[in-house]
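If you want the building blocks of each chain, they are given just below.
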Amino acid sequence: MTRLPFQAPDRDRFANASALVVGDIMLDRYWFGDVERISPEAPVPVVHVRREEYRLGGAANVALNINAFGAQPCLLSVTGDDADAHRVRALLDDAGIDYALQCDQRLATTVKLRVSGRGQQLIRIDFEETPVDEQLANLFLEFERRAPEQGAVIFSDYGKGGLAHVARMIAVAKAHGVPTLVDPKGSDFTPYRGATIVTPNRQELARVVGTWCDEAQFEERAQALRAALAFDALLVTRSEEGMSLFDDRGHLRIETEAREVFDVTGAGDTVIAVVGAMLAAGQDLRDAVITANRAAAVVVAKFGTSTVSYEEVFG
């Protein structure tokens, strides 16, 4: 890896840095097996499942990445009252992550089931429902209680309905001077107005501002969106093209760090988690983004939803 253009922050600073993660959580379930034949019923592979694994996904993976990086996360979300919710809580407990999960007995916990054979993902099956208003209102009350104590607040929006009150939450955090970071979803970023930093990938940004024909138009549209919605910064992740940060200082283009890409699952979670941890530890935003770019290069070389440690990033 190339040298960072700044001195790595003391690891002890992260031990006292707290970040509140709010949003849609899910349980990532993996079935690993052998593929030796094609089904006689349809032209699809037959997978003989040999192993099953559970991992934290969505906002829970963001919290896990913050924890792995050395900072102190707290996770707020809504789950069902089912076996999958109990697995989520057990995984959070095993990782030592603080959480306050609202339990909705009418809701099925979101699950993403991935079936893999011969080292490749063959299919993903999603199970999901939308939380009811009562539990979302309780989530907001818990947010009001915890947000003022945090070094940063991260909103992880996967479009599952858990962030119905995100505009009010951003207002609460801003009133207490707490930086807000948003991993957005959908074609309208208006609910995130006033956030400190919003982190769409290039496809998500294009849904909002339209496609661009060249770099100049990309910059123009990104800065126009940032100004219209009063974001302090807009961080666009651009896959093999690296990242682009737009702020009051202009456009910072960060080239991707050369690595073999094995799996991009959860890379966005890692990016926003590292930026949030850095800001919570009092680091400069541009340094935080450069660090997150390095962390993304590490995590895409791993299989499935994974984490990146302080040592892997700073060596």
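Not measured: the values here are computed from a predicted model.

Parameters and conventions
- Residues numbered from 1 in each chain as written.
- Predicted model: local features only at pLDDT ≥ 70, side-chain atom pairs only at ≥ 80, totals over all residues.
- Heavy atoms only, no water.
- Helix = DSSP H or I, 4+ residues; strand = E, 2+ residues; numbered from the N terminus.
- Patch = residues over 30% accessible without salt bridge, like charges linked within 9 Å, V, L, I, M, F, W, Y side chains within 5 Å.
- Areas by Shrake-Rupley, 256 points an atom, 1.4 Å probe, with all protein chains shown as cover.
- Salt bridge = Lys/Arg side-chain N within 4 Å of Asp/Glu carboxyl O.
- Buried < 20%, exposed > 50% of the residue type's maximum accessible area, 1.4 Å probe, protein only.
- Core = buried A, V, L, I, M, F, W, Y, C linked by side-chain atoms within 4.5 Å.
- Contact = heavy atoms within 4.5 Å.
- Axes fitted to C-alpha atoms, helices over the stretch in contact; angles between N-to-C directions.
- Parallel < 35°, antiparallel > 145°, perpendicular 65-115°, else oblique.
- Nonpolar A, V, L, I, M, F, W, Y, C, P; charged D, E, K, R; others polar.
- Phe/Tyr/Trp six-rings, centres within 6.5 Å; stacked < 30°, edge-to-face > 60°.
- Pairing = 2+ DSSP bridges.
- Left-handed = near helix turned anticlockwise from the far one by under 90°.

Student: What is the right way to look at the environment of Ala164 in this model?
Tutor: Mapped onto the secondary structure, Ala164 falls in the loop between strand S8 (152–156) and helix H5 (166–175). With 28 residues separating them in the primary sequence, Ala164 and Leu136 have C-alpha atoms 7.2 Å apart.

Student: Please explain a nonpolar patch on the surface as it appears in this structure.
Tutor: On the surface, Leu122, Ile123, Ile125 and Phe127 cluster together into a nonpolar patch covering about 330 Å² of accessible area. With respect to the helices and strands, Ile123 occurs in strand S7 (residues 120–127). The exposure class of Ile123 is partly exposed, given its relative accessible area of 45%.

Student: Help me understand the nonpolar core in this model?
Tutor: Taken as a class, soluble globular proteins show a tendency for nonpolar side chains to be buried jointly. The biggest cluster of nonpolar side chains holds 57 residues, and the ones touching the most others in it are Leu75 and Val275. The element contributing the most residues to this core is helix H8 (residues 267–280), with 10 residues. Contact partners of Val275, with chain neighbours within four places excluded, come to Leu181, Leu235, Leu285, Ala288, Val289 and Ala292. Val153, Val178, Val182 and Phe246 belong to the second largest nonpolar core, which has 36 residues in total.

Student: I keep staring at the packing of helix H4 (residues 133–146) against H5 and nothing clicks. Help me out?
Tutor: Put simply, H4 and H5 touch, their axes get as near as 10 Å, and they point 10° apart. The orientation of H4 relative to H5 falls into the category roughly parallel. In this structure, H4 uses Leu139, Phe140, Phe143 and Glu144 to contact H5, whose residues at the interface are Arg168, Met169, Val172 and Ala173. Taken together, the residues of the contact of H4 with H5 break down into six nonpolar, no polar and two charged.

Student: What should I look at first to understand the packing of aromatic side chains in this one?
Tutor: Describing an aromatic ring pair means giving the distance of the ring centres and the angle of the ring planes. Applying the stated criterion to the full structure yields 10 aromatic pairs. Where Phe69 meets Tyr310, the ring centres are 6.1 Å apart and the plane angle is 55°; that geometry is what we call tilted. In this pair, Phe69 sits in helix H2 (residues 59–69) while Tyr310 sits in helix H10 (residues 310–314), placing the two residues 241 residues apart along the sequence. For Phe69, a relative accessible area of 0% puts it in the buried group. Aromatic pair Tyr310 and Phe314: ring centres 4.7 Å apart, planes at 55°, arrangement tilted. In this pair, Tyr310 and Phe314 both sit in helix H10, four residues apart, roughly one turn of the helix.

Student: What's the story with the sheet that holds strand S4 (residues 72–80) in this structure? I'm lost.
Tutor: The strands making up a sheet associate through hydrogen bonds between their backbones, and the pairing can be parallel or antiparallel. Spatially, nine strands are ordered S5-S4-S1-S8-S9-S10-S11-S12-S13 in an open sheet, and the strand pairing comes out mixed. Edge positions in the sheet fall to strand S5 (98–104) and strand S13 (250–254), since each has one partner strand and no second. In this sheet, strand S11 (residues 233–237) lies alongside strand S10 (residues 197–198) in parallel orientation, the contact comprising two bridges. When the sheet's bridge partners are listed, Ile197 is paired in S11 with Ala233. Relative to the sheet, H8 contacts strand S1 (18–23), S8, strand S9 (180–183), S11 and strand S12 (243–247), its axis offset from that of S9 by approximately 175°.

Student: Which parts of the structure should I look at to understand the packing of H2 against H8?
Tutor: Think of two packed helices as two axes; the pair is described by the angle between the axes and how far apart they sit. As a packed pair, H2 and H8 sit with axes 8 Å apart at the nearest point and diverge in direction by 50°. Relative to H8, the element H2 lies oblique. The way H2 lies across H8 gives a crossing that is right-handed. In this structure, H2 uses Asn61, Val62, Asn65, Ile66 and Phe69 to contact H8, whose residues at the interface are Asp269, Thr270, Ile272, Ala273, Val274, Ala277 and Met278.

Student: Please explain the pattern of salt bridges as it appears in this structure.
Tutor: Should the charged atoms of two oppositely charged side chains come close, the side chains can pair. Under the definition given, this model contains 21 salt bridges. Across the pair Arg55 and Glu53 runs a salt bridge, and its minimum N-O distance is 2.6 Å. On the basis of relative accessibility, which here comes to 22%, the residue Glu53 falls in the partly exposed class. Taken together, the shared-partner salt bridges in this structure form one network comprising Arg202, Glu215, Arg238, Glu241 and Arg253.

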